[in-house]
Amino acid sequence: MTRTTFDRENGSVLSAATLAAPATLLVAAGLVVPLAILLRYSLNQFIPGQFMTEALTLENYVRFVADPYFRGILGQTIGIAALVTAICIVIGFPLAYVLARAGGRFKSLLILAIVLPLFVGNAVRAAGWMIAFGTNGVVNYVGLGLGILNQPLEIMYTPTAVIIGIVAVNLPFVILSFQTVLEGISRSVEEAAFNLGAGPLATTRRIILPLAMPGIISGATLSFILTMNAYATPVLLGGPSFVMMGPLVYSQVMTQMNWPFGAAASFILMLATLVLTTIGHLIVQRRYSSGRN
Amino acid sequence: MSRLVVSGLTKIYGNFAAAKDVSFEVGEGELVSLLGPSGCGKTTTLRMIAGFITPTRGSVTIGEDDVTRIAPWSRNTGMVFQNYALFPHMTVAQNVAFGLEMRRIGGAEVRERVQSALQMVRLDHLADRYPRNISGGQQQRVALARAVAIRPRVLLLDEPLSNLDAKLREQVRIEIRTLQQELKLTTIMVTHDQDEALTMSDRLILMEGGVVQQIGTPRELYNRPRSRFVADFVGQSSFIEGEVVAPGQFRSIQGALLSCPERDASGATLNTGKATLAIRPEAIRLGPAAETAPPGHAGKVEFVSYLGSRIDVHVRLATGEAVISTLRDLAEPLSVGDPCHVSWADASVTAFTA
């Protein structure tokens, strides 16, 4: 049976390549190729009446950057993404902490409650919010009925509606990535801080936050990227009056049939997301670099 | 440093009492060990003193202050955790400084006290290392320096040596004890290791099932155990079960007639009825089978364990009882199956009624 050993040794080299190949191919075919095509499109020319004219021009990018309307939409999207991410961190962290320290049936129940919304698509959930936020929606019905509100709240088609909607979408992702790192922080480390005279606030600030930083970064990054690229929620809850980048790209490509400009806008979105996430990482890393070199 | 008084401390979870009516005092500068098997309530008691567990009943007093309802961060106790619980994102010096910073002590004084705390445990050369870059023994000393640097009113040691290897353990035992005596730290140490407890403590508190079994100096616990559990847990003992048939006379279950003390371990008169005799291994003498004096019993060697400085010989008496004898050295080699003469002084026998 010497052959088996030989084969196994040889096979291990082979199988490593074999195992990595499908994923590599899939990424190449599914991500790099379409991106390359999109990049090419973004350099084409759009002449109304014609579909797309072969060219090598930066005019689509220039148009986006020069037009305050488009710049405004990008700025608005970044603003919403930052705000949503901040809200997700503030709401998600305590919840994730409770989750990480909980045990037994209560923990399973909590995880189920957090994961359950992921079973329902974004669009369906946004539709749910529409029912809740409408002028005759649940919120106003209850608020007016109980006398908490004097007049119906106008939530639909406002940034508030969009923010609430996206926060609800992102929260499970954020909480789960916080929970993983928080569970890795030993309870006795916290107790050591208490024992040395640090109250809960000081312990959170000096011990738990720095140790949880990798999870906070990944959760926040996830939330930021999800918001930058959000589509269903801003379309359904923001309506035509509150536009974000995702819906803008869609309307350029599908409604205006301006593929070159849509392609340029999506590249600007991607670039902005990349640059901002990188800057965010660098700032946080510099601040909390001690101990993780 | 302050006196610590624990009185009637009880913790009940559902219908399980983790600690029942635990009371003791630790004098200024005294090191007292909470000793017992796992689940005996020693750690629960320590955690109630630190403030991590709220007692169901009872009180903890440090110095003149009743701290039972005080948050752990306001108690001013210094704890060394079993797994050290160092802050992984801080250097050795930052770890030690943490407690001082929480006390709003100025930068210069912090540096000075960190320096002296690290010098005390001979780690000042590693001040800028991170915990993961130093050895387990060094981490243990950082944990000790961190707890001592805040000048705690009471030092709490939770199984401080259990994560160290055997050789290092003996060295650190002496280091901790020396430091504790130099600084006159009022100290409570939790341990399940009787050697550790015997060598390091001024007094021991032996616990079982959430209840204090006996409090005393190492010598008292070894020489005058109050119950069979204490005699069994602290040191080794040979136990012979049976009944007292008349004052001073005992018959084992197997039928051997032995003499026994007239009073039991607690000092009460030993009445006729069920009882257990305990004999320490160093009190049991072995001789050649032909020997007749002092009067004793015929036995047969069952097992010999050679431990270097001593030899433990397990012997089965002709009547069936098993005893262990500890010898310094063997005059002539004994091997399994050899017959021998077993004897002990009547005064070395302790009797328990339970």
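Remember, it's a predicted structure, so these values are computed and weren't measured experimentally.

## Notes on unusual backbone geometry
All names here are of chain B.
Then, in step 1: Within the chain, alanine 85 stands out as a residue other than glycine whose phi angle is a positive 50°.
Then, in step 2: With respect to the element layout, alanine 85 can be found in the loop between β6 (77–80) and α2 (92–102).
Then, in step 3: Since its relative accessible area comes to 4%, alanine 85 is described here as buried.
Then, in step 4: Even without being a glycine, glutamate 159 presents a positive backbone phi close to 45°.
Then, in step 5: Residue glutamate 159 is classed as buried on the basis of its relative accessible area of 7%.

## Thoughts on the pairing of β6(B)
Look at any regular strand and the pattern is simple: side chains alternate between the two faces of the sheet.
Residue and element names in this part refer to chain B.
Then, in step 1: On β6, burial covers both faces: Thr77 and Met79 on one face and Gly78 and Val80 on the other are all buried.
Then, in step 2: Note that β6 and strand β7 (residues 154–158) share 4 bridges and pair parallel. What sits directly across from glycine 78, in β7, is leucine 155.

## Notes on the nonpolar core
Then, in step 1: Ranked by internal contacts, the top residues of the largest apolar core, which has 111 residues, are Leu182(A), Leu4(B), Phe24(B), Phe87(B), Phe98(B), Leu144(B) and Ile188(B).
Then, in step 2: Sorting elements by how many residues they give to this core places helix α7 (residues 159–184) of chain A first, with 10 residues.
Then, in step 3: Once you skip the residues sitting within four places of it in the chain, Phe24(B) turns out to touch Leu4(B), Val5(B), Val6(B), Leu34(B), Thr45(B), Ile49(B), Ile188(B), Ile205(B) and Ile215(B).
Then, in step 4: Listed in part, the 24 residues of the second largest apolar core include Ile279(B), Ile284(B), Val313(B) and Trp344(B).

## Brief notes about the interface of chain B and chain A
Then, in step 1: Each partner contributes residues to the interface: chain B has 24 residues there, and chain A has 21 residues.
Then, in step 2: Scanning the region where chain B abuts chain A turns up 2 salt bridges.
Then, in step 3: Linking chain B with chain A are 7 residue pairs in polar contact (both at pLDDT 80 or more), by the criterion used here.
Then, in step 4: At the level of elements, β6 and α2 of chain B are the ones that each hand at least two residues to the side of chain B that touches chain A.
Then, in step 5: Here the side of chain B that touches chain A gets 4 residues from one element, more than from any other, and that element is α2(B).
Then, in step 6: Considered class by class, the residues forming the side of chain B that touches chain A number 14 nonpolar, 5 polar and 5 charged.

## Some remarks on the packing of helix α3 (residues 107–120) of chain B against helix α4 (residues 136–149) of chain B
All names here are of chain B.
Then, in step 1: α4 packs onto α3 with a crossing angle of 135° between their chain directions and a minimal axis gap of 9 Å. Considered as vectors, α3 and α4 are oriented oblique to each other. Judged by the sense of rotation from one axis to the other, the crossing of α3 with α4 is right-handed. On the side of α3, the interface is formed by Arg113, Ala117, Leu118 and Met120, while α4 contributes Ala145, Val148 and Ala149.

## What about helix α8 (residues 187–195) of chain A?
Each full turn of the α-helix corresponds to 3.6 residues, which orients residues three or four apart in the same direction.
Then, in step 1: In terms of burial, α8(A) is a largely internal element, 8 of the 9 residues being buried.
Then, in step 2: For α8(A), every residue scored as buried is listed here: Ser188(A), Val189(A), Glu190(A), Glu191(A), Ala192(A), Ala193(A), Phe194(A) and Asn195(A).
Then, in step 3: Contact partners of the buried residues in α8(A): α3 (68–101) and α9 (200–228) of chain A together with α1 (42–50), β6, α2 and α4 of chain B.
Then, in step 4: Looking one or two places after α8(A), you find Gly197(A), whose phi comes out positive at around 105°.

Procedures and definitions
- Numbers given for residues are sequential positions, taken from 1 along each chain in its written order.
- Here chains are named by letter from A upward and ligands by number from 1 upward, in the order in which they appear as written.
- For this predicted model, a pLDDT threshold of at least 70 governs which residues receive local features, and a threshold of 80 or more governs which side-chain atom pairs are given and counted, while totals over whole chains, interfaces and linings are taken from all residues.
- Only heavy atoms go into the side-chain values, all of them from the structure, while hydrogens and water stay out.
- Helix and strand definitions follow DSSP, with helices as H or I runs of at least four residues and strands as E runs of at least two, each counted in order from the N terminus.
- Relative accessibility under 20% of the residue-type maximum defines a buried residue, over 50% an exposed one, and the middle range a partly exposed one, all with a 1.4 Å probe and only protein chains included.
- Being paired, for any two strands, means DSSP has found at least two bridges between them.
- Residues belong to a common nonpolar core when they are buried Ala, Val, Leu, Ile, Met, Phe, Trp, Tyr or Cys residues joined through side-chain atoms within 4.5 Å.
- The contact definition used throughout considers only heavy atoms, calling two residues in contact when any of these lie within 4.5 Å.
- Whenever Lys or Arg places a side-chain nitrogen within 4 Å of a carboxyl oxygen from Asp or Glu, that contact is recorded as a salt bridge.
- Whenever two N or O atoms come within 3.5 Å, that pair is a polar contact, provided that in protein one can donate a hydrogen and the other can accept it, and provided that, for residues adjacent in sequence, both atoms are side-chain atoms.
- Each residue is assigned to one class: nonpolar for Ala, Val, Leu, Ile, Met, Phe, Trp, Tyr, Cys and Pro, charged for Asp, Glu, Lys and Arg, and polar for all the others, Gly among them.
- Angles shown run from 0 to 180 degrees and are taken between the N-to-C directions of axes, each axis being a line fitted to C-alpha atoms and, for helices, limited to the stretch in contact.
- Put simply, angles under 35 degrees are roughly parallel, angles over 145 are roughly antiparallel, angles from 65 to 115 are roughly perpendicular, and the rest are oblique.
- A crossing counts as left-handed when the near helix is turned anticlockwise from the far one by less than a right angle, and as right-handed when that turn is clockwise.

Function-wise, these values are silent; they only describe arrangement.
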